[in-house]
Amino acid sequence: MQLRNVAIIAHVDHGKTTLVDRLLQQSGTFRENQRVAERAMDSNDLERERGITILAKATSIVWKNTRINIVDTPGHADFGGEVERILNMVDGAIVLVDAAEGPLPQTKFVVSKALKVGLRPIVAINKVDRHDARPTVVSGEVFDLFAALDATEEQLDFPVLYGSAKEGWMAANVDGPKDSMAPLFDLILSHVAPPHVEEGPFRMLGTILEANPYLGRVVTGRITAGSVKPNQTIKVIDRNGKFIEQGRVSKVLSFRGLERQGIEEGNAGDIVSIAGLPEANVAHTLCALEVTEALPAQPIDPPTLSMMFRVNDSPLAGTEGDKVTGRVIRDRLLREAEGNVALRVTESDEKDAMEVAGRGELQLGILIETMRREGYELSVSRPKVLIRFDPDTGEMTEPIEEVVIDLDEEHAGVVVQKMSERKAELIEMRPSGGGRLRLVFYAPTRGLIGYQGELLTDTRGTAVLNRLFHDYAPYKGAVQGRRNGVLISTDAGEAVAYALWNLEDRGPMMIEPGWKVYRGMIVGEHTRGNDLEVNVLKGKKLTNIRTTAKDEAVRLTPPIRMTLEKALAYIEDDELVEVTPKSIRLRKRLLDPHERKRDERRKEAEEV
């Protein structure tokens, strides 16, 4: 059977996973009466809840006697490490662009990677059914983007299809025919080249890695040369040709729709998964014993943010989770780093702590959320950017991101002011239709930590922010942090409604009556700039004298709800977020007030 390998690449929310749903349905992969979940490729709970793709996944369909292997990739810049590797596995790419939003930073990022690898993309303008769609203008913007990224003549001569994945049609014209995805299928067969196959013994580059509870480590990739069978003895070598391990293939799996089935033999050009090699990793070459040279692998963009993952040492430790020791947390993080190449996990100088570096807050937030759902308890520090020193000049440099903000014109002033306070430079400002503007900034990663929530407040929830790692640039100086101090509990116990009611003048609370608190835990935000210690356990003095003022019913203002992302953005350097399967609490790093004072004095002495 003939083969085609193609990846679907696009910005987050432009409809990749929905498009794959329609391709699977219309190719006859499902039975007529088969119940299939919406966004079938988003398999884990977090992907379904947030509506984003986090892990790249492959599927396979048959059209006119040709097997088409399709890889659905994440659209979020934080998970870009997945996309870069996938492009080495395919011979074509469908660049999906929203007909209203046009090409956004992640589109630019993945397209630049695809052009570098030499792919000739197909452009699909999706969501033409939107009321603010502008498909012909967007088509021109995509051409400009390709030209700006130094595409070759061949790559600039790309075919364009218009359609709506939601309605299940694609056509060469905006007006249709609006009946099926057949034009896209036919274009894949005619435009995407068959897989390039090399001569010689079995060779395959590991591209996607996963841990399976029954099969152990499973490595997915495209076979470059030769063939592989179950029980065959093969070896693994790294990018430089260094020997890693030798072992027997326990299973060769191939994609058939949403299922993976064991096959007798995987041949050159096909995308398969191989189980049975415990040391094999992404960017390693799996090959026959006589092979000595590794296949070329893409180096991955460096991480830009790091966080400390520590053992939870609060007085409530171990009451809500069952995985609490430093050894268990360390093993879990090292296991995560094996499968996720964009993460870097290293031992820290601090006791019972690991340093985890990644692409962005969202990537690290997803890791923490996954761990808490698995029953882990831990405390994490504020994200820090990874500073580098220029080897030639010795100058301190920091990561800069390209930030694209789409917003209504009336809110542009406040956003430009806030971004300039965060040391961002405005690069471009242009109308994007319908009374909206597109602002492009170069901003230090430090300044963007925690800005998303503030932006939504300033623009009444109408702005869309997209960001992408741009480059390292000279350090921009101090960025102003949080202006308010916090309210800290002085004692341990259960919060009392009467005490919270009396403290409302001091600032908004983050806890409710009946919640367990401990000494050093943050219970609210102070209205002033300094921290204040408060007693949230103080009940009402019960006497037999009644007064109208004292006996009012206690009416509390609803507390600030802290999500994980909000908490990570909110805390300062001397604070931690305590994460358990049931709660997210904020606390001071040093719980004892005397220790905190000593630490402040020590810092002041160092500054002098």
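What comes next is a walk through the structure. (Residues numbered from 1 in each chain as written. Predicted model: local features only at pLDDT ≥ 70, side-chain atom pairs only at ≥ 80, totals over all residues. Heavy atoms only, no water.)

Regarding the overall build of the protein
Consideration 1: Within the protein one finds 15 helices and 34 strands.
Consideration 2: A buried classification covers 52% of the 608 residues belonging to the protein.
Consideration 3: Intrachain contacts of the protein at a sequence separation of at least 6 include 72% that bridge at least 24 residues.
Consideration 4: Total accessible area computed for the protein in this model is approximately 28,300 Å², and 48% of it derives from carbon and sulfur atoms. (Helix = DSSP H or I, 4+ residues; strand = E, 2+ residues; numbered from the N terminus. Buried < 20%, exposed > 50% of the residue type's maximum accessible area, 1.4 Å probe, protein only. Contact = heavy atoms within 4.5 Å. Areas by Shrake-Rupley, 256 points an atom, 1.4 Å probe, with all protein chains shown as cover.)

Some words on helix α9 (residues 361-373)
Consideration 1: When the terminal C-alpha atoms of α9 are compared, their 18 Å separation across 13 residues agrees well with the 18 Å that a helix rising 1.5 Å per residue should span.
Consideration 2: Taking burial as the measure, the 13 residues of α9 include eleven buried ones, the bulk of the element.
Consideration 3: Taken from the residues just after α9, Gly375 is the one with a positive phi, measuring 100°. (Expected span 1.5 Å × (residues − 1).)

Comments concerning the pairing of strand β19 (residues 344-347)
Consideration 1: Two strands pair when backbone bridges link them, and β19 and strand β20 (residues 353-358) are joined in this way by four bridges, in the antiparallel orientation. Across the sheet, the residue bridging to Thr346 is Glu355, located in β20.
Consideration 2: Two successive antiparallel strands, β19 and β20, enclose a turn made up of five residues, where Asp352 displays a positive phi of approximately 55°. (Pairing = 2+ DSSP bridges.)

Structural notes on the environment of Val345
Consideration 1: With respect to the helices and strands, Val345 occurs in strand β19.
Consideration 2: Owing to a relative accessible area of 16%, Val345 belongs among the buried residues under this scheme.
Consideration 3: Along the chain, Val345 and Arg330 lie 15 residues apart, while their C-alpha atoms are 9.1 Å from each other.
Consideration 4: The residues contacting Val345, other than those within four sequence positions of it, are Leu333, Leu334, Ala337, Met354, Glu355 and Val356.

Notes on the sheet that holds strand β9 (residues 216-225)
Consideration 1: Judged by pairing direction, the sheet is antiparallel, and its eight strands sit side by side in the order β12-β11-β17-β8-β9-β16-β13-β14 without closing on themselves. Across the chains shown, the open sheet's two edge strands, defined by having one partner strand only, are β12 (243-248) and β14 (259-262). In this sheet, neighbouring strand axes are inclined to one another by 35° on average, regardless of whether the strands run parallel or antiparallel.
Consideration 2: In terms of strand pairing, strand β13 (residues 251-256) meets strand β16 (residues 271-275) through four bridges, oriented antiparallel. Residue pairing across strands places Leu253 opposite Ser273, the latter belonging to β16. (Axes fitted to C-alpha atoms, helices over the stretch in contact; angles between N-to-C directions.)

As for the pattern of salt bridges
Side-chain pairing between opposite charges can occur once the charged atoms of the two side chains come close.
Consideration 1: Applying the stated rule across the entire model yields 34 salt bridges.
Consideration 2: Glu575 is the salt-bridge partner of Lys588, the closest N and O atoms lying 2.9 Å from each other. You can see Lys588 sitting in strand β34 (residues 584-588) and its partner Glu575 sitting in strand β33 (residues 575-579), a full 13 residues away along the chain.
Consideration 3: Salt bridges linked by common partners bring Asp98, Lys127, Arg130 and Asp132 together as one network. (Salt bridge = Lys/Arg side-chain N within 4 Å of Asp/Glu carboxyl O.)

Structural notes on the packing of aromatic side chains
Consideration 1: In this structure the tally under the stated criterion is four aromatic pairs.
Consideration 2: When the ring of Phe146 is compared with that of Phe158, the centres are 4.7 Å apart and the planes differ by 45°; the resulting orientation is tilted. Of the two residues, Phe146 sits in helix α5 (residues 135-148) while Phe158 sits in the loop between α6 (153-156) and β6 (160-164), which places them twelve residues apart along the sequence. Like Phe146, the residue Phe158 is buried in the burial classification.
Consideration 3: Their ring planes at 45° and their centres at 6.1 Å tell us that Tyr498 and Trp501 sit as a pair that is tilted. With a gap of three residues between them, Tyr498 and Trp501 both fall in helix α13 (residues 497-502), about one helical turn apart.
Consideration 4: Classification of Tyr498 by relative accessible area gives buried; the value is 14%. (Phe/Tyr/Trp six-rings, centres within 6.5 Å; stacked < 30°, edge-to-face > 60°.)

Observations concerning unusual backbone geometry
Consideration 1: Of note in this structure, Lys64 is not a glycine but carries a positive phi near 50°.
Consideration 2: By the secondary structure assignment, Lys64 is in the loop between β2 (57-63) and β3 (66-72).
Consideration 3: Phi is positive for Asp150, close to 60°, though the residue is something other than glycine.
Consideration 4: Within the element layout of this structure, Asp150 appears in the loop between α5 and α6.

What about the packing of helix α10 (residues 412-421) against helix α12 (residues 451-458)?
Consideration 1: Relative orientation of the contacting elements α10 and α12 amounts to 155°, with a least axis distance of 10 Å. With respect to α12, the element α10 is oriented roughly antiparallel. Classified by chirality, the crossing of α12 by α10 is right-handed. Taken together, the residues of α12 that come into contact with α10 (itself represented by Val414, Val415, Lys418 and Met419) are Tyr451, Glu454, Leu455 and Asp458.
Consideration 2: Residue classes in the contact of α10 with α12 are distributed as five nonpolar, no polar and three charged. (Parallel < 35°, antiparallel > 145°, perpendicular 65-115°, else oblique. Left-handed = near helix turned anticlockwise from the far one by under 90°. Nonpolar A, V, L, I, M, F, W, Y, C, P; charged D, E, K, R; others polar.)

Topic: the nonpolar core
Consideration 1: Grouped together as the largest cluster of nonpolar side chains are 34 residues, with contacts concentrated most on Ile9, Val71, Leu87, Ile125, Val142 and Phe146.
Consideration 2: Among the secondary structure elements, those contributing two or more residues to this core are β1 (2-10), α3 (80-86), β4 (92-98), α4 (105-117), β5 (122-126), α5 and β7 (169-171).
Consideration 3: Element by element, the count of residues in this core is highest for α4, at five residues.
Consideration 4: Sequence-distant contacts of Val142, that is, excluding residues within four places in its chain, are made with Val97, Pro103, Val123, Ile125 and Phe158.
Consideration 5: Core analysis: the next-biggest nonpolar cluster, separate from the first, contains 32 residues, Val486, Leu568, Ile571 and Val577 among them. (Core = buried A, V, L, I, M, F, W, Y, C linked by side-chain atoms within 4.5 Å.)

Quick word on the pairing of β6
Consideration 1: Extensive coverage of β6 is indicated by the burial of four of its five residues.
Consideration 2: Relative to β7, β6 runs antiparallel, the two sharing three bridges. Bridge assignment links Ser164 to a residue of β7, and that residue is Trp169.
Consideration 3: The hairpin turn running from β6 into β7, its antiparallel successor, is four residues long, and Gly168 in that turn takes a positive phi close to 80°.

So yeah, pure geometry; function would need other evidence.
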